[in-house]
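# What the coordinates show
Each chain is listed here by its residues.
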Amino acid sequence: MGKLSQFYRELSRRRVFRTVIAYVFVVWVLSQGAADLFPAFGLEDWTVRAFVLGAIALIPVVALLSWRFDITPEGVIADPFSDPGILAEEDLAPGNASEWAMNRHDASGAGYLSAIWNGPDGSPQRRQFFEPVVIGRDPGSDLQIADPRVSRVHALLYAEDKVWKLRDIHSSNGTFVNGKRVTRIDLPPDCRVRFHHEGPELELSVHKVERTAMTRDAGTREDLTRSGRSATSTPQAGSD
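Residues numbered from 1 in each chain as written. Predicted model: local features only at pLDDT ≥ 70, side-chain atom pairs only at ≥ 80, totals over all residues. Heavy atoms only, no water.

Before going further, it helps to spend a moment on helix H5 (residues 97–104). All of the buried residues along H5 are Ala97, Trp100, Ala101, Asn103 and Arg104. Taken down its axis, H5 places every buried residue within 155° of arc, on the same side. Where H5 is buried, its residues meet strand E5 (133–136), strand E7 (155–160) and strand E8 (163–168). (Buried < 20%, exposed > 50% of the residue type's maximum accessible area, 1.4 Å probe, protein only. Helix = DSSP H or I, 4+ residues; strand = E, 2+ residues; numbered from the N terminus. Arc of directions from axis to C-beta. Contact = heavy atoms within 4.5 Å.)

What follows is the structure, given as structure tokens:
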């Protein structure tokens, strides 16, 4: 289900659904006009049906073009997330954190992450992460931490070059690993991450296992990366 959900989100981001719906609407309008105009030019009734069927046959082509290209003020360009490595380091921003990470993420040789933190009731919460994780106060975050010291989109976890990495995403109060403020870091085997120097804490551990040992069966592992269950702590300084 995770891959299917990710594919659906990618279709939405690339506006494939909207493009196809708009195309179908235009075809319907043109077919109404064709039904009136074609006979006026002496064309047979089957030409209208051929026009409609031909337009329907082009729907996969329209969807593919929408997936691959994007219309911008600079013109029609290839979608920046369609080819790995096309995004530069400076392209990372709160609005594209998930796509930026998915564009780079490769868990081969990196293993997976486990995280422990205190939930809203103070009880320890534990998750395993095999895919990139956006951490923030926003309810749409992969791991939501409902604390005002945490930015809406605060930090990002992803694997690259056989190493799990942490990136601060221009947060207001900073990200601290083992007490040191960082903007980017290769995660050690075990570490403590804070959001704000006195903010909520997350214990992270990197588990190095072979990819063949990392089952994707939801019945054999707890993969809650995308569930966005929130954690809270005592509010202090506000953030963005």
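With that settled, consider the packing of aromatic side chains. Evaluated as defined, the whole model comprises 4 aromatic pairs. Where Phe38 meets Phe51, the ring centres are 6.2 Å apart and the plane angle is 70°; that geometry is what we call edge-to-face. With a gap of 13 residues between them, Phe38 in helix H2 (residues 16–40) and Phe51 in helix H3 (residues 45–57) connect regions that are remote in the sequence. You can call Phe38 partly exposed: its relative accessible area is 22%. Residue classification places Phe51 among the partly exposed positions, given a relative accessible area of 30%. (Phe/Tyr/Trp six-rings, centres within 6.5 Å; stacked < 30°, edge-to-face > 60°.)

Moving on: the pattern of salt bridges. Considering all chains together, one arrives at 6 salt bridges under this definition. The salt bridge involving Asp147 is made with Arg149; its shortest N-O contact spans 2.9 Å. For the pair formed by Asp147 and Arg149, the shared burial category is buried. Across the pair Arg192 and Glu201 runs a salt bridge whose closest N-O atoms are separated by 2.7 Å. You can call Glu201 partly exposed: its relative accessible area is 28%. (Salt bridge = Lys/Arg side-chain N within 4 Å of Asp/Glu carboxyl O.)

Let us look at the nonpolar core. Soluble globular proteins tend to pack their nonpolar side chains together in the buried interior. Of all hydrophobic cores here, the largest spans 24 residues; its most connected members are Leu157, Leu187 and Leu202. Broken down by secondary-structure element, the contributors of at least two residues to this core are strand E3 (112–118), E5, E7, E8, strand E12 (190–195) and strand E13 (201–207). Every residue in contact with Leu157, bar those within four places of it in the chain, is listed here: Leu113, Pro132, Val133, Ile135, Trp164, Lys165, Leu166, Leu187 and Leu204. One finds Leu92, Ala101, Val134 and Tyr158 within the second-largest nonpolar core, a separate group that totals 9 residues. (Core = buried A, V, L, I, M, F, W, Y, C linked by side-chain atoms within 4.5 Å.)

A few words on the confidence of the model for the protein. Averaged over every residue, the pLDDT of the protein is 80; the share at 70 or more is 75%. Of all secondary-structure elements in the protein, the lowest mean pLDDT belongs to strand E2 (residues 75–78), at 64, while strand E9 (residues 175–177) reaches the highest, 97. When the criterion is pLDDT under 50, residues 211–238 qualifies, and its contacts beyond four places in sequence or with other chains add up to 72 contacts. (pLDDT = per-residue confidence, 0-100.)

Here we take up the sheet that holds E8. Taken together, the 5 strands give an open sheet; going across it, the order is E6-E5-E7-E8-E11, and neighbouring strands pair in mixed fashion. Each edge of the open sheet is held by one strand with a lone partner, namely strand E6 (143–144) and strand E11 (184–186). With 2 bridges connecting them, E5 and E6 associate as parallel partners. Counted as the bridge partner of Ile135 is Leu143 from E6. Running at roughly 10° to E7, H5 makes contact with E5, E7 and E8 of the sheet. (Pairing = 2+ DSSP bridges. Axes fitted to C-alpha atoms, helices over the stretch in contact; angles between N-to-C directions.)

Between H2 and H3, whose axes approach to 9 Å, the crossing angle comes to 170°. For the element pair H2 / H3, the angle class is roughly antiparallel. Residues Tyr23, Val27, Leu30, Ser31, Ala34, Ala35 and Phe38 of H2 lie in contact with H3, whose contacting residues are Thr47, Val48, Phe51, Val52 and Ala55. Here the residues of the contact of H2 with H3 sort into 10 nonpolar, 2 polar and no charged. (Parallel < 35°, antiparallel > 145°, perpendicular 65-115°, else oblique. Nonpolar A, V, L, I, M, F, W, Y, C, P; charged D, E, K, R; others polar.)

This next bit is on the pairing of E12. Residue alternation in E12 divides its side chains into a buried set, Cys191, Val193 and Phe195, and an unburied set, Asp190, Arg192 and Arg194. With 3 bridges connecting them, E9 and E12 associate as antiparallel partners. Looking across to E12, one finds that Thr175 is bridged to Phe195. Where E12 lies against E13, 5 bridges are found, and the strand directions are antiparallel. Bridge assignment links Arg192 to a residue of E13, and that residue is Glu203. Linkage of E12 to E13, two consecutive antiparallel strands, is achieved through a turn of 5 residues, within which His196 is found at a positive phi near 85°.

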